[in-house]
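Listed here are the chains, written in short residue letters.
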Amino acid sequence: MRRMNSDKRQLPAMKLDELQALVATWKQPKFRARQILDWRNKGVLSPDAMKNISSDLRQKLKDEICCEPLKLIRRECSVDGTRKYVFALTRMRAAGKMIESVFIPEEKRGTVCISSQVGCVFDCPFCHTGTQGFEANLTAGEIIAQVLAIKADLHAEPLPDELHSDITHIVYMGMGEPMANEDAVLSSIGLLMDKDGLNISRRRITVSTSGLIPQIQRLGAVYPVNLAISLHSAIDDKRDTLVPINRKYSLQALRACLNAYSIGKQRHITLEYVLLDQTNDQDEDVQALIRFVNPERERVNLIQFNPYPGSPYAGTSKQNMKVFAQWLISKGIRATVRRSRGDDIMAACGQLKADTKADSNADTKG
Ligand code: SF4
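## A look at the overall build of the chain
Phase 1: Along the chain, the regular secondary structure elements total 10 helices and 14 strands.
Phase 2: If one aligns the C-alpha atoms of the chain with their principal axes, the spans along those axes are about 70 × 40 × 40 Å.
Phase 3: Buried residues in the chain amount to 55% of all 366 residues.
Phase 4: Taking all contacts inside the chain whose residues are at least 6 apart in sequence as the whole, residues at least 24 apart take part in 67%.
Phase 5: Carbon and sulfur atoms make up 48% of the accessible area of the chain, which amounts to about 16300 Å² in all.
Phase 6: Charge separation in the chain, taken as the distance between the mean sites of 51 positive and 43 negative side-chain charges, equals 5 Å.

## A closer look at the site of the ligand
Phase 1: Neighbouring the ligand are the residues C120, F122, D123, C124, C127, G130, G176, E177 and S210.
Phase 2: Among the residues forming the shell around the ligand, the class breakdown is 4 nonpolar, 3 polar and 2 charged.

## A closer look at the domain arrangement of the chain
Phase 1: When cut into domains, the chain gives domain 1 (5-66) and domain 2 (70-345).
Phase 2: One C-alpha centre belongs to domain 1, the other to domain 2; they are set 32 Å apart.
Phase 3: Taken residue by residue, the interface counts 17 residues in domain 1 and 18 residues in domain 2.
Phase 4: Approximately 1300 Å² of surface area, both sides summed, lies buried where domain 1 meets domain 2, with 56% of it carried by carbon and sulfur atoms.

## Digging into the state of the cysteines
Phase 1: Tallying each qualifying case throughout the model produces 0 disulfides.
Phase 2: With no disulfide of its own, C77 lies 16 Å from the sulfur of C113, the closest cysteine sulfur.
Phase 3: Classification of C77 as partly exposed rests on a relative accessible area of 41%.

The rules behind these values
Residues numbered from 1 in each chain as written. Predicted model: local features only at pLDDT ≥ 70, side-chain atom pairs only at ≥ 80, totals over all residues. Heavy atoms only, no water. Helix = DSSP H or I, 4+ residues; strand = E, 2+ residues; numbered from the N terminus. Buried < 20%, exposed > 50% of the residue type's maximum accessible area, 1.4 Å probe, protein only. Contact = heavy atoms within 4.5 Å. Areas by Shrake-Rupley, 256 points an atom, 1.4 Å probe, with all protein chains shown as cover. Lys, Arg positive; Asp, Glu negative; His and termini not counted. Charge placed at Lys NZ, Arg CZ, Asp CG, Glu CD. Near = heavy atom within 4 Å. Nonpolar A, V, L, I, M, F, W, Y, C, P; charged D, E, K, R; others polar. Domains from an automatic or database assignment. Buried area = accessible area lost by both parts, 1.4 Å probe. Disulfide = S-S within 2.5 Å.

Right, dumping it as structure tokens:
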């Protein structure tokens, strides 16, 4: 009897030994697992495209495994080379739900920004994803499938020579709060780092979180990847509004957690700070931030606010952003103003929110 998609293991989340065990039950030689994995690692997930395996084995894969947990609905390309992808989940219980992922090319690196949830429960008022509410956690396979689909797309249609068309870095900064889906996210990090899989160094993986402290502690103990914190204010009263998880885990608790997080040599924790006009860009804000930051271990990434339809905030002017940054730098804090990428296609930071109505023609049978 064929299994439904929701019950099947997902090919993007399988390790070599699991595949070897599976093909052995089908009376196939061990090396077939390696062949399947080689296709998978290139982003080729459809068994029909795996040219060096038999039609019997292809059929077994289709029957027994969910090979393609995502369906590409749409790709949008920015004038700066950034690509935004809208995917639909294919497993039955999440059929029709959309996520977004972004590829950000630079001269010497290519970064994939991946989603970990459909929507988000935390409702940070400046964040477009937060306005969607929480809909579903992604599985580890769905998280990895974003990277694989983008890899295949870049192979099929590379960017111009001056931009990197390879994936060198992964950031968990798309839709959702990664630490609220910690089991799947930890599992996906293990898969990204797997030597038989994508083999990406933990130094090239960054998890961005609003500050769920027990989960950050677990992340640091299991996979101490790069950490980015959505700080956005160093004043509890303001952060309670901007990042509501602060009501549960205050700045003092966050401070202790960051001090204990293992970062290794020549690495640092990034404190993300989106600058909102007349909200968190005043003298008292920069002074509080200077008191909060540990310049030996942390740097501040100042982010230009990217408005979305109906957003209640305006961004700080470019001139005032520079003044804010200079003030931090004058106190010995490494502060950079992040260049906004892909804002013409709503792919910039805080703008991701899959428009399920616009994409409702998706074919998502489980
Ligand atoms: S900023 Fe992060 S935690 Fe806050 S609503 Fe947006 S996705 Fe969720």
